[in-house]
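# Chain and residue survey
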Amino acid sequence: VFVVVGCRGSLQEEKERAPNPMASPRVLSIQSHVVSGYVGNKAATFPLQLLGFDVDPINTVHFSNHTGYPTFAGKRLAADELTQIVQALEKNKLLNHSHLLSGYIGNVETLHAVAEVARKLREHSPDLTFLCDPVLGDNGKLYVPQELVGLYRTTMLPLATIITPNQFEAEQLTGMAIKEESDVRACLDALLSGSVRVVVITSVFYGSQPDTVSIYLGYRTGEHTSHVRLDVPRLECPFSGTGDLFSALLLAHSSRHPDDPIRATRTAIAAIQAVLHRTIEHWRAAEHATSQPTSATSDGTGGPGASTSVPRAATSPMSRELAIVHSRDAILSASPDSVPFTLLN
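Quantities reported herein were computed from a predicted structural model and do not represent experimental measurements. (Residues numbered from 1 in each chain as written. Predicted model: local features only at pLDDT ≥ 70, side-chain atom pairs only at ≥ 80, totals over all residues. Heavy atoms only, no water.)

### What about the sheet that holds strand E3 (residues 74-76)?
The condition that has to hold: In short, DSSP must find at least two bridges between two strands for them to pair. Runs of E in the DSSP output that reach at least two residues are strands. Runs of H or I that reach at least four are helices, and both are numbered from the N terminus. Contacts between residues were defined by any pair of non-hydrogen atoms, one from each residue, lying within 4.5 Å. Fitted lines through C-alpha atoms serve as axes, helices being fitted only where they are in contact, and the angles separating the N-to-C directions of these axes extend from 0 to 180 degrees.
Spatially, E3-E2-E1-E4-E5-E8-E9-E10-E11-E14 is the arrangement adopted by the 10 strands of the open sheet, whose pairing is mixed. In this open sheet, the two strands that pair with only one neighbour each are E3 and strand E14 (342-343). Bridge count for strand E2 (residues 54-63) against E3 is 3 bridges, and the pairing is antiparallel. Considered in E3, the bridge of Val61 is made with Arg76. The strands touched by helix H2 (residues 41-50) are strand E1 (26-34), E2 and strand E4 (99-102); relative to E1, the strand with the most contacts, the crossing angle is about 145°.

Following this line, the structure appears as structure tokens:
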């Protein structure tokens with residue numbers, strides 16, 4: 001009897017010590033998906049899992065590869081299909097997410113559906129953190145319908161906690177042109193409204209520093225707004241998926257450091273730098289190609305003191321794919337100390 005009671009007690013204690021799966025941060029990630037490569041949910045899911053998140057991806061598109069290749073095939077998720085998926089999750093009591101991440105959406109109907117998902121999630125979790133990456137375009141060009149710009153302003157941003165536009169997207173969302181630092185700070189102030197507590201403009205190019213990309217952070221503490229500039233080296237190769245990866249990393253580190261957006265942003269940038277340099281090393285080794293100096297980037301960043309050379313074949317879409325799996329240790333060990341910053345106010 002003693003042995004039986006002892007076993008039952010041990011089992012009960014083990015049950016009490018067992019981790020509650022619902023206690024882990026859980027993110028619903030709504031963005032694109034590719035079979036081959038790392039953009040959208042393929043770029044976001046593995047890093048989030050490494051950093052302790054349960055990830056439930058909903059794919060707004062399911063393509064063979066990203067559209068930078070000569071050809072691609074696949075289907076887009078209809079807005080009513082997204083709604084049906086979320087309704088089934090709710091009926092099964094599976095809509096218990098602490099975080100929402102949205103990326104490429106692509107059309108008006110799906111944008112409305114995602115906004116409704118955000119409202120529904122907040123009903124279930126009032127403290128929901130919603131990181132909205134307003135994927136509109138880059139380098140002066142929209143790659144979504146024009147009407148999405150206004151809808152992001154009126155429908156998505158009022159629901160978001162964190163937003164991560166690039167320079168072009170920030171200009172589109174605010175109607176302001178960025179020609180100098182004061183313009184960036186005005187954009188940050190304009191975007192820090194409603195529920196938005198943190199804004200990171202992920203790539204700003206202006207002035208006479210061709211070898212540097214500036215990343216700007218704006219955040220609110222009570223009624224006070226702070227602005228921060230983070231400067232990192234530019235890389236020539238326009239890697240695919242860096243914005244999607246950065247948003248995922250920022251969401252994860254913002255969860256780890258909810259009261260320190262500077263630390264969260266620096267750590268996310270440090271991880272991106274490490275992934276980009278690991279990607280360069282990976283493709284250089286794979287191609288057995290000589291390297292050449294670099295000087296420009298899309299929204300990729302380099303690390304202080306690190307080599308800024310890319311494989312000779314880096315103009316091919318495949319060589320621009322992020323080596324995320326090969327960067328596991330770099331993602332886990334990223335340190336904010338490698339990323340300098342300047343407080344602007």
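Having seen the model, we can carry on.
### Considering the packing of helix H3 (residues 79-91) against helix H4 (residues 108-124)
Stated formally: The labels follow the angle: roughly parallel below 35 degrees, roughly antiparallel above 145, roughly perpendicular from 65 to 115, and oblique for the rest. Should the near helix be turned counterclockwise from the far one by less than a right angle, the crossing is left-handed, whereas a clockwise turn marks it as right-handed. Note on residue categories: nonpolar means Ala, Val, Leu, Ile, Met, Phe, Trp, Tyr, Cys or Pro, charged means Asp, Glu, Lys or Arg, and polar means any other residue, Gly included.
Across the interface, H3 lies against H4 with an axial gap of 8 Å and an inter-helix angle of 15°. When the axis of H3 is compared with that of H4, the two are roughly parallel. Regarding H3 and H4, the two cross each other, and that crossing is right-handed. Contacts between H3 and H4 involve Ala79, Leu82, Thr83, Val86 and Glu90 from the former and Glu109, Thr110, Ala113, Val114, Val117, Lys120 and His124 from the latter. Of the residues that constitute the contact of H3 with H4, the class distribution is 6 nonpolar, 3 polar and 3 charged.

### Regarding the packing of aromatic side chains
Convention followed: Stacked, tilted and edge-to-face are the three classes applied to pairs of Phe, Tyr and Trp rings, where Trp contributes its six-membered ring and a pair requires centres within 6.5 Å; stacked means planes under 30 degrees apart, edge-to-face means over 60, and tilted covers the rest. Partly exposed describes any residue whose relative accessible area lies between the buried limit of under 20% and the exposed limit of over 50%, with all areas from a 1.4 Å probe on protein chains only and scaled to the type maximum. Two limits define a charge over a ring: the Lys NZ or Arg CZ must be within 6 Å of the ring centre, and within 35 degrees of the ring normal.
For the coordinates displayed, the defined rule picks out 1 aromatic pair. With centroids separated by 4.9 Å and ring planes inclined at 40°, the aromatic side chains of Phe63 and Phe72 adopt a geometry described as tilted. By relative accessible area, Phe63 is classed as buried at 8%. Assessed through its relative accessible area of 37%, Phe72 is described here as partly exposed. Sitting over the face of the ring of Tyr38, Lys42 holds its NZ or CZ atom 5.1 Å from the ring centroid.

### Looking at the confidence of the model for the protein chain
Note the cut-off: Residue-level confidence of the predictor is what pLDDT reports, using numbers from 0 through 100.
Looking at the protein chain, the pLDDT average stands at 87 and 83% of residues meet or exceed 70. When the criterion is pLDDT under 50, residues 1-22 qualifies, and its contacts beyond four places in sequence or with other chains add up to 2 contacts. Note that pLDDT drops below 50 for residues 293-308; the model gives that stretch 57 contacts with residues more than four away or on any other chain.

### Focus on unusual backbone geometry
Positive phi, normally seen in glycine, also occurs at Lys93, with a value near 60°. Residue placement: Lys93 occurs in the loop between H3 and E4. Accessibility expressed as a relative area gives 71% for Lys93, which makes it exposed. For Asn139, which is not a glycine, the phi torsion comes out positive at approximately 50°. One can find Asn139 in the loop between strand E6 (137-138) and strand E7 (141-142). Classification of Asn139 by relative accessible area gives exposed; the value is 67%.

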